[in-house]
Amino acid sequence: MADPKGFLKFSRAEAPKRPYDERLGDWREVYAALSTSDQKTEVSTQAARCMDCGIPFCHSGSAGCPLGNLIPEWNDQVRRGQWDRASDRLHATNNFPEFTGKLCPAPCEAACVLAISPDAGGAVTIKRVEETIAEVAWDQDQVHPSPPESHTGNRVAVVGSGPAGLAAAQQLTRAGHEVTVYERDDRIGGLLRYGIPEFKMEKSVLDRRLAQMRAEGTKFVTGCEVGVDLTVEQLRAGHDAVVLAVGALRGRDDRTVPGRELAGVHLAMEHLVPANREVEGDGPTPLSAHGKHVVVIGGGDTGADCYGTATRQGALSVTQLDQYPQPPTRRDDDLSPWPTWPYVLRTYPAHEEAGERKFAVAVEEFVGDDEGHVRAVRLREVRVERDADGRRQVVPVSAEAEEVPCDLALFAIGFEGVEHMPLLDGLGIELSGRGTIGCGSGWETSAPGVFVCGDAHRGASLVVWAIAEGRSVANAVDAHLTGASDLPSPVHPTALPLAV
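These remarks concern the structure in this document. Model, not experiment: these values are computed from the prediction.

**Quick notes on the overall build of the chain**
Then, number 1: Assigned secondary structure in the chain consists of 18 helices and 16 strands.
Then, number 2: Scaling as 2.2 N^0.38, a compact globule of 500 residues should have a C-alpha radius of gyration of about 23 Å, and the chain matches this with 23 Å.
Then, number 3: By the burial criterion, 50% of the 500 residues in the chain qualify as buried.
Then, number 4: Counting only contacts in the chain whose residues sit at least 6 apart along the sequence, the fraction spanning at least 24 positions is 69%.
Then, number 5: As displayed, the chain offers around 21,400 Å² of accessible surface, 49% of which is attributable to carbon and sulfur atoms.

Here is the structure:
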């Protein structure tokens, strides 16, 4: 059993980061490179803080990890130095633990019993343990292709190569189906490739998983927009089932702000995608922040990605705006009681490096120069309210506006859902009021034999939910094609995280 007093013996310790000036000078991941030996020593100590609770909320599907990762089990195996067993246990529930270990905001840690009270020293560093298990497994050549022993003769098309599509494809390939992943971009990975900056996850991490999947038999076709380059008729004729994992990439905009039409005002992905392409070696981005005052509108993950990208490109200044008041640094049990996702201030590594954040403010106007380019933003203090119908309203509360220099403004205020595409029209699929693709209890859409998973179904969400849905839809497709399935199905289409 676990050491029930481990959390009393050892303090919570995050992974060490590289110095600011060093990491701002390149695109490598922000965390310091440790030897495998040092990683094992430090992380074994962190894993020893896990108490193996009688009711492990950390892998509860609603409060913690939707994948159902058996966290107390691999924590104890790491504590005992059984790294190979820990890897097997982790991979049993998660196709890509290095993705979640680097990118997931860790609802498992929010639901950890040690997160109930600050007096316990904080949650177990589950995310760090998870990533280290995966990295040690790769370093020690413990990750191998798992091709199927036999083939069913069924052909499955997966449209989209983000984490949901890749998880579905790997599961279905291992079940013996012939799987082809179609991607309209020139490289595989979806937002993992072109949305996530290199400093959060180096693309070599993605490429080694893709090599594993190719060795297992999954086929990849790039530069192919299904519904255009491959018609719906050809898609149907060539495959026995289709999985739509097309994401929810329709960026939210605000055309009502005066000056929105000025040059230099863009959506976040218009900045992030070419920046990632530049790092891939495709040539300079046409939308660099170098030598510019940058204003990022939106306080979430995408905004932080723009923030860190701009500082690395050499921005003169970076200011991130959030319409909401600055959250507390510690959980308020009245606002978000354990084990719900806590309402607290989240500081990303990018925020530690440069720039500033402003809370409870909104852009009143983009101010242009004589050539029609943005030169400043006018900000006003605001309060977010709900009207009688529950609709969100942003109400100015200050008499005067503040003017902030701005040569590049980036809207990072979320996504409105699935992009409108010929594929959906050809399949006869209509989007829901939330801009997503609906499905029944078995993940099948209104088009027979066509299934959906990931952000396309859920709306913009976490990488861990995308993988969970990809694994679940694989179970549904396998059962659809063969009559039954032994593949895991960690979440139901209607599953939601526990929230207040």
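**What to know about the nonpolar core**
Then, number 1: Ranked by internal contacts, the top residues of the largest apolar core, which has 66 residues, are Trp74, Val78, Ile133, Leu166, Met201, Val243 and Val477.
Then, number 2: The element best represented in this core is helix 18 (residues 463-482), accounting for 11 residues.
Then, number 3: Formed by 22 residues, the second largest nonpolar core is a distinct cluster that contains Tyr182, Val242, Leu424 and Ile437.

**Quick notes on the packing of aromatic side chains**
Then, number 1: In total, this model carries four aromatic pairs according to the counting rule given.
Then, number 2: Between Phe57 and Trp338, the ring centres sit 4.8 Å apart and the planes meet at 65 degrees, which makes this aromatic pair edge-to-face. Residue Phe57 is located in the loop between helix 3 (36-47) and helix 4 (71-79), and its partner Trp338 is located in the loop between strand 8 (317-322) and helix 15 (349-353); the two are separated by 281 residues in the primary sequence.
Then, number 3: Overall, the relative accessible area of 28% leaves Phe57 in the partly exposed class.
Then, number 4: Residue classification places Trp338 among the partly exposed positions, given a relative accessible area of 21%.

**Things to note about the sheet that holds strand 8**
Then, number 1: Across the sheet, five strands lie side by side as 6-14-7-8-9; this open sheet has parallel pairing. Across the chains shown, the open sheet's two edge strands, defined by having one partner strand only, are strand 6 (265-267) and strand 9 (356-359). Neighbour-to-neighbour, the strand axes of the sheet open up by a mean angle of 20 degrees, direction not taken into account.
Then, number 2: Two strands pair when backbone bridges link them, and strand 6 and strand 14 (residues 408-411) are joined in this way by three bridges, in the parallel orientation. Within strand 14, the residue paired with Leu267 across the bridge is Phe411.
Then, number 3: Against the sheet, helix 13 (residues 268-280) makes contact with strand 6 and strand 14, and its axis sits at roughly 75 degrees relative to strand 6, the strand it touches most.
Then, number 4: Sitting on the sheet, helix 14 (residues 301-312) is in contact with strand 7 (293-297), strand 8, strand 9 and strand 14, with an inclination near 170 degrees to strand 8.

**Here's the deal with the environment of Leu321**
Then, number 1: Tracing the sequence through the fold places Leu321 in strand 8.
Then, number 2: With sequence-adjacent residues up to four places away left out, Leu321 is seen in contact with Val295, Val296, Ile297, Gly298, Gly299, Lys358, Val361, Val363 and Leu379.

**Quick look at the pattern of salt bridges**
Then, number 1: One pass over the full model with this rule turns up 45 salt bridges.
Then, number 2: Across the pair Glu98 and Arg209 runs a salt bridge whose closest N-O atoms are separated by 2.6 Å. Of this pair, Glu98 sits in helix 6 (residues 97-103) while Arg209 sits in helix 11 (residues 203-216), placing them 111 residues apart in sequence. In terms of burial, Glu98 and Arg209 fall into one category: buried.

**Thoughts on the pairing of strand 2 (residues 178-182)**
Walk down a regular strand and you will see the side chains alternate between the two sheet faces.
Then, number 1: Counting buried residues along strand 2, four of its five residues qualify, which places the element largely inside the surrounding structure.
Then, number 2: One ladder, built from five bridges, connects strand 1 (residues 155-159) with strand 2; its direction is parallel. Among the inter-strand pairings, Val158 is bridged to a residue of strand 2, identified as Val181.
Then, number 3: Handedness of the crossover joining strand 1 and strand 2 through helix 9 (residues 163-174): right-handed.
Then, number 4: As paired strands, strand 2 and strand 3 (residues 219-221) are joined by three bridges and run parallel to one another. From the neighbouring strand, Thr180 faces strand 3, where its bridge partner is Lys219.

**Some remarks on the pairing of strand 12 (residues 392-396)**
Then, number 1: As judged from the five bridges shared by strand 11 (residues 374-386) and strand 12, these two strands associate in the antiparallel manner. Across the sheet, Val384 pairs through a bridge with Val394, a residue of strand 12.
Then, number 2: Here strand 11 folds back onto strand 12, and the loop between the two strands holds five residues, one of which, Gly390, carries a positive phi near 85 degrees.

**A closer look at the packing of helix 4 against helix 8 (residues 126-139)**
Then, number 1: Contact pair helix 4 / helix 8: the axes reach a minimum separation of 11 Å and the direction vectors enclose 65 degrees. Between helix 4 and helix 8, the interaxial angle falls into the category roughly perpendicular. For helix 4 against helix 8, the interelement crossing comes out left-handed. In this structure, helix 4 contributes Ile71, Trp74, Asn75 and Val78 to the contact, and helix 8 contributes Ile126, Val129, Glu130 and Ile133.
Then, number 2: Within the contact of helix 4 with helix 8, the residues separate by chemical class into six nonpolar, one polar and one charged.

Reading the values: rules and limits
Residues numbered from 1 in each chain as written. Predicted model: local features only at pLDDT ≥ 70, side-chain atom pairs only at ≥ 80, totals over all residues. Heavy atoms only, no water. Helix = DSSP H or I, 4+ residues; strand = E, 2+ residues; numbered from the N terminus. Rg over C-alpha atoms; globule rule 2.2 N^0.38 Å. Buried < 20%, exposed > 50% of the residue type's maximum accessible area, 1.4 Å probe, protein only. Contact = heavy atoms within 4.5 Å. Areas by Shrake-Rupley, 256 points an atom, 1.4 Å probe, with all protein chains shown as cover. Core = buried A, V, L, I, M, F, W, Y, C linked by side-chain atoms within 4.5 Å. Phe/Tyr/Trp six-rings, centres within 6.5 Å; stacked < 30°, edge-to-face > 60°. Pairing = 2+ DSSP bridges. Axes fitted to C-alpha atoms, helices over the stretch in contact; angles between N-to-C directions. Salt bridge = Lys/Arg side-chain N within 4 Å of Asp/Glu carboxyl O. Right-handed = clockwise from strand over helix to strand, strands pointing away. Parallel < 35°, antiparallel > 145°, perpendicular 65-115°, else oblique. Left-handed = near helix turned anticlockwise from the far one by under 90°. Nonpolar A, V, L, I, M, F, W, Y, C, P; charged D, E, K, R; others polar.

Worth remembering: the numbers are spatial, not functional.
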